[in-house]
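# Residue-level structural notes
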Amino acid sequence: MPRIETMLVLGIESSCDETAAAVVDNGRKILSSVISSQIEIHREWGGVVPEIASREHLLKIDPVVSEALDRSGVSIQDIDAIAVTNGPGLVGSLLVGVNYAKALALGLGIPFIGVNHIEGHFFSVVFENPPIEYPAMALIVSGGHTNLFFAPEAGKYELLSRTRDDAAGEAFDKVAKMLGLGYPGGPVIEKIAKQGDPKAIRFPIAKISDGTPDFSFSGLKTAVVNYLRENEIEPISAGEEPGKDVRDVCASFQDTVVRTLLKNTSKLAKERKPRVLIVAGGVACNEALRTASMRLGEKLGIPVYFPSRHLSTDNAAMIAAAGHFHLMRGERSDAGLKADVGIRLQNHRISPERSGKNLPYKV
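Residues numbered from 1 in each chain as written. Predicted model: local features only at pLDDT ≥ 70, side-chain atom pairs only at ≥ 80, totals over all residues. Heavy atoms only, no water.

## Description of the sheet that holds strand β8 (residues 158–162)
Spatially, β8-β7-β6-β9-β10 is the arrangement adopted by the 5 strands of the open sheet, whose pairing is mixed. The open sheet is flanked by β8 and β10 (304–305), the only strands paired with a single partner. Two strands pair when backbone bridges link them, and strand β9 (residues 276–280) and β10 are joined in this way by 2 bridges, in the parallel orientation. The residue bridging Ile278 from the neighbouring strand is Tyr305, located in β10. (Pairing = 2+ DSSP bridges. Helix = DSSP H or I, 4+ residues; strand = E, 2+ residues; numbered from the N terminus.)

The structure is reproduced here in structure tokens:
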């Protein structure tokens, strides 16, 4: 199949609780990016309810795609290909996007491709930064994922580190719930942490017993629970201003999460010597993590690439960019593409999860 020099890609993302569509030109220029968030719907439950999420995707996907096309200034007939997230994520949510993308592509007679959501976050930095230099290292941190990848070249990925339990963003949500701060926890903890002392409480950084450089946040969560109980700190009520004790817990917890993430990143970066460090995913919005990552980059003598805040959370522009990369290499999906919550990111391409004790990881 001949290589295509340029391509207009419609990206579709529905892996969790954002229904998103974007039109991207040549993998680097965003013509439009539309995101319909379900945060307000799930807030009362303190987290994403899968059944509600999939129902909302069904209601929103067609209007969101139509709006993305309208904003881009191109018609559906101008689209050259479609890229859609087919995993990992919530199966009901993924099914909505995958089936919509397949039907649209088959009806238009254009190619489409399934994209790994994690690889999408890797590509979220391509719009506002210089081209990625390889080898590269990527810390992908969100509500559902905390992974550190080494990419020796474009399209090849080696998982160096992963969370053994909670993702970093999930830990923010759980601690926020303990403190009565609501959902989602990341933004509110970050806001309150600015008024607290990050050194007031020395929460522990987990050590993995088998010596692997993995992350763990369940112990930190337990340490926060114990501290709140021992110091008789009660959850605050709606509208109540957080006192010094809550401010210090937020600041110290956030500081510990950042130090946990960058401790392993620093160690492995010194060993692998990447030319670029990428920090992406929803938690990459956190200013403390950004500042600390920039300091790490300066120590290592390498640039640090972040997506903008709009592109840090789940979005379809990053899916279109990742899809463009694979489409330009002649890769295509067929009508058998399925939503797969267990797909993993590995060398050369996305492959389905396989059972067996020798499976090294799952993202």
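## Examining the layout of surface pockets
In this structure, the largest pocket spans a volume of roughly 1300 Å³. Of all elements in the fold, only β3 (29–37), β7 (146–151), α5 (168–178), α6 (185–193) and α10 (309–312) reach the threshold of two or more residues within the lining of the largest pocket. Ranked by residue count, the leading element in the lining of the largest pocket is α5, at 6 residues. Partitioning the lining of the largest pocket into residue classes produces 14 nonpolar, 19 polar and 12 charged. Here the second largest pocket defines a volume of roughly 520 Å³. Lining of the second largest pocket is provided by 22 residues; of these, Asp255, Val258, Ala288, Ala292 and Arg295 occupy positions nearest its centre. Those elements giving two or more residues to the lining of the second largest pocket turn out to be α6, α8 (244–272) and α9 (287–300). Counting residues per element, the lining of the second largest pocket draws most heavily on α8, at 9 residues. When its residues are assigned to classes, the lining of the second largest pocket shows 9 nonpolar, 4 polar and 9 charged. (1 Å grid on protein atoms, 1.4 Å probe; cavity = no way out; pocket = protein on both sides within 12 Å on 5 of 7 lines; lining within 4 Å. Points joined across faces, edges and corners; volume = space filled by probe spheres on them. Nonpolar A, V, L, I, M, F, W, Y, C, P; charged D, E, K, R; others polar.)

## Re unusual backbone geometry
Between Tyr134 and Pro135 the backbone carries a cis peptide bond, its omega angle lying at 0°. For Pro135, the location among the structural elements is in the loop between α4 (117–123) and β6 (136–141). Here the residue pair Tyr183 and Pro184 is connected by a cis peptide bond, since its omega of -5° sits within 30 degrees of zero. Unusually for a residue other than glycine, Asn26 sits at a positive phi of about 60°. Notably, Lys273 is not glycine yet its phi reads approximately 55°, a positive angle.

## Topic: α5
For α5, the complete set of buried residues consists of Ala168, Gly169, Ala171, Phe172, Val175 and Ala176. Projected down its long axis, α5 carries its buried residues within an arc of 155°, all on one side. Looking at the buried positions of α5, the neighbouring elements they touch are β6, β7, α6, α7 (218–230) and α8. Just downstream of α5, Gly180 is the residue with a positive phi angle, here 75°. (Buried < 20%, exposed > 50% of the residue type's maximum accessible area, 1.4 Å probe, protein only. Arc of directions from axis to C-beta. Contact = heavy atoms within 4.5 Å.)

## Examining the state of the cysteines
Scanning all chains against the criterion turns up 0 disulfides. Here Cys250 is not cross-linked by a disulfide; its sulfur's nearest cysteine counterpart is in Cys285, at 18 Å. The buried category is assigned to Cys250, whose relative accessible area is 1%. With no disulfide of its own, Cys285 lies closest to Cys16 among cysteine sulfurs, the gap being 15 Å. (Disulfide = S-S within 2.5 Å.)

## Examining the sheet that holds strand β4 (residues 81–87)
In space, the 5 strands of this open sheet follow the order β3-β2-β1-β4-β5, with mixed pairing throughout. Each of the sheet's edge strands pairs with one partner strand only, and the pair in question is β3 and β5 (112–116). Neighbour-to-neighbour, the strand axes of the sheet open up by a mean angle of 20°, direction not taken into account. Pairing of strand β1 (residues 8–13) with strand β2 (residues 18–25), which is carried by 6 bridges, proceeds in the antiparallel orientation. For Leu8, the partnering residue across the bridge sits in β2 and is Asp25. Along the sheet, helix α2 (residues 50–72) makes contact with β1, β2 and β3, crossing β2 at roughly 25°. Across the sheet, helix α3 (residues 91–108) lies against β1, β4 and β5, angled at about 155° from β4, the strand it touches most. (Axes fitted to C-alpha atoms, helices over the stretch in contact; angles between N-to-C directions.)

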